[in-house]
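Spelled out from the first residue to the last, the chains are:
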Amino acid sequence: MTTATGKKSSSSSQPRDGGRPSDQLDDQRLLELLYDMMLIRRFEERTMQSYMQQKIGGFCHIYTGQEAVAVGSIAALRPDDPVITAYRDHGHALARGMHPRYCMAEMFGKITGCAKGKGGSMHMFDRPNEMYGGHAIVGGQCPLGVGIAFAIQYQKLDRVCLCYLGDGALNQGAFHEAMNLAAIWKLPIVFALENNMYSMGTHIERGTSAAHDLSVKAAAYDMRYAECDGMDMCEVYDCFVDQVARTRPDEGDPDNSEGPVLINVVTYRYQGHSMSDPQKYRTREEVGEKQNEDPITTLSRQLMDQQRATQEQLNELDAEAKKAVLEAVKFAGDSPEPELDELYTDVYLEPYPPYRKGDLPQMVEEAEDRARDGDGRQKQD
Ligand SMILES: Cc1ncc(C[n+]2csc(CCOP(=O)(O)OP(=O)(O)O)c2C)c(N)n1
Ligand SMILES: [Mg+2]
């Protein structure tokens, strides 16, 4: 595995019983997880293309390179565990089960988007799939995640909130306040640090104290700490299965939790910070070196080495992912823009003139229909 600063180390997070949880995943499940990573990769490629074609506007942050983080960690959750993240959020939304068409339509600013086209790339919300955004203020999602975890504890539920943050958030006051409250109230929250080593153009060693040993950030708040290699989906999954289980309280007994944890997931973003980044702060060689540890290639190789999948099967999966993304782009392109009137809806929970209560996003309405039929979660068709 790689350490906080990207150097190789031999330690890894092992589940307490000694066996690897990923060893228990059957071939079908592993292929599903590989598909999710391929879907995110292909989705992001088309996102970049659509951005260049000016079909997408505003800030837009690409997740390629980091796919194993969202996919491996969300696979370790239950469907009713809430998730919250920062602005580099397309991958989390897709891994959580948002249909790619609603994600793409949101970026196109269309009424069929997950937030009716009013949020855009940085604000992927999916109530039926327990995804609470998509937040643009660095570190701003950490206190919100603590609020969600407090609600879980207050209601004596057996859920865990998964709160992602970037390495840039380590230097924000909001992160430290959130860590402190989470620790003293022993809240059921997992802080997943997506340590891609850069916040915009600043390398973690230039912007963050103790970058060589981030365990001190957790120790300062008397909190558990773990590390895993974010380029290896199985390692991410193993680490999160273990840590989520330790954080999860029993229903009706909020005290029966080992409390929060900070997990340093070492990863790398292949693209610039946003769509407008000349990347003067790193070399092509560095990016190329990291691309040699590609998470999709790694899982594909593992599956083939273990004779759990053939090259042909993997090609088919990738073709399926490409097709799903093309369909999403078409859906987004064909969808109407919001009426001007939408400016006045969804502003306040208790609307008053001139503000009105808006219609639910199409995605949520469809999920509610499905819930009436017994399954509220979105499924990709
Ligand atoms: C409070 C605040 N300060 C500054 C910014 C501008 N800004 C946007 S993204 C970013 C870098 C954050 O990097 P990191 O947390 O590592 O996330 P990554 O982009 O690597 O996913 C900064 C400084 C902001 N959005 N919010
Ligand atoms: Mg970063």
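Residues numbered from 1 in each chain as written. Chains lettered and ligands numbered in written order. Predicted model: local features only at pLDDT ≥ 70, side-chain atom pairs only at ≥ 80, totals over all residues.

1. Details of unusual backbone geometry
What you tend to see is this: most non-glycine residues have negative phi, and most peptide bonds are trans. As a reminder of what qualifies: Helix and strand definitions here come from DSSP, where helices need a minimum of 4 consecutive H or I residues and strands a minimum of 2 consecutive E residues; each element is numbered from the N-terminal end.
The omega torsion across G133 and G134 is 15°, close enough to zero to call that bond cis. Mapped onto the fold, G134 is located in the loop between β3 (131–132) and α5 (141–154). Across the junction of P353 and P354, the peptide omega takes the value 5°, indicating a cis bond. Here K156, not a glycine, exhibits a phi torsion of approximately 55°, which is positive. Tracing the backbone shows K156 in the loop between α5 and β4 (161–166). Backbone geometry at A210 places phi at a positive 55°, although glycine is not the residue there. Relative to the assigned elements, A210 resides in the loop between α7 (204–207) and α8 (215–219).

2. Concerning the site of ligand 1
Note the threshold: By definition, a residue lies near a molecule or strand when the C-beta atom built from its backbone is within 6 Å of it. Amino acids are sorted into nonpolar (Ala, Val, Leu, Ile, Met, Phe, Trp, Tyr, Cys and Pro), charged (Asp, Glu, Lys and Arg) and polar (every other residue, Gly among them).
Taken together, 13 residues lie around ligand 1, and V138, G166, D167, G168 and S199 are the ones closest in. Grouping the constituent residues of the shell around ligand 1 by class yields six nonpolar, five polar and two charged.

3. Structural notes on helix α13 (residues 362–372)
Stated formally: Exposed residues have 12 or fewer other C-beta atoms within 10 Å of their own C-beta, buried residues have 20 or more, and partly exposed residues fall in between, where C-beta atoms are placed from the backbone. Taken from the helix axis, the directions to the C-beta atoms give the arc we talk about. For the purpose of contact definition, each residue receives a C-beta atom placed from its backbone, and two residues are in contact when these atoms lie within 7 Å.
By the burial criterion, the buried members of α13 are M363, V364 and A367. Down the axis of α13, the sector holding all buried residues measures 90°, keeping them to one side. Of the residues in α13, the exposed ones pointing more than 90 degrees away from the buried face are E365, D369 and R372. Residues of α13 that are buried sit in contact with α4 (100–107).

4. Re the domain arrangement of the chain
Note the cut-off: As annotated, the domain borders come from an automatic or database domain assignment.
The domain architecture assigned to the chain consists of domain 1 (21–338) and domain 2 (339–373). Between domain 1 and domain 2, the C-alpha centre-to-centre distance is 27 Å. The partner domain 2 presents eight residues to the ten residues of domain 1 that form the contact. Looking at the side of domain 1 that touches domain 2 residue by residue, the class counts come to five nonpolar, two polar and three charged.

5. Observations concerning the pairing of strand β5 (residues 189–195)
Heads up, the condition is: DSSP-based pairing: two strands are paired if at least 2 bridges between them are found. Handedness of a crossover is defined as follows: with both strands directed away from the viewer, a clockwise route from the first strand across the helix to the second makes it right-handed.
By the criterion of burial, β5 is predominantly enclosed, with seven of the seven residues buried. Alignment of β4 against β5, held across six bridges, turns out to be parallel. Residue pairing for β5: G166 is matched across the bridge by E194. In the classification by handedness, the crossover that spans β4, the intervening helix α6 (residues 173–184) and the parallel β5 is right-handed. Examined bridge by bridge, β5 and strand β9 (residues 261–266) share six bridges and lie parallel to one another. Residue pairing across strands places N195 opposite V266, the latter belonging to β9.

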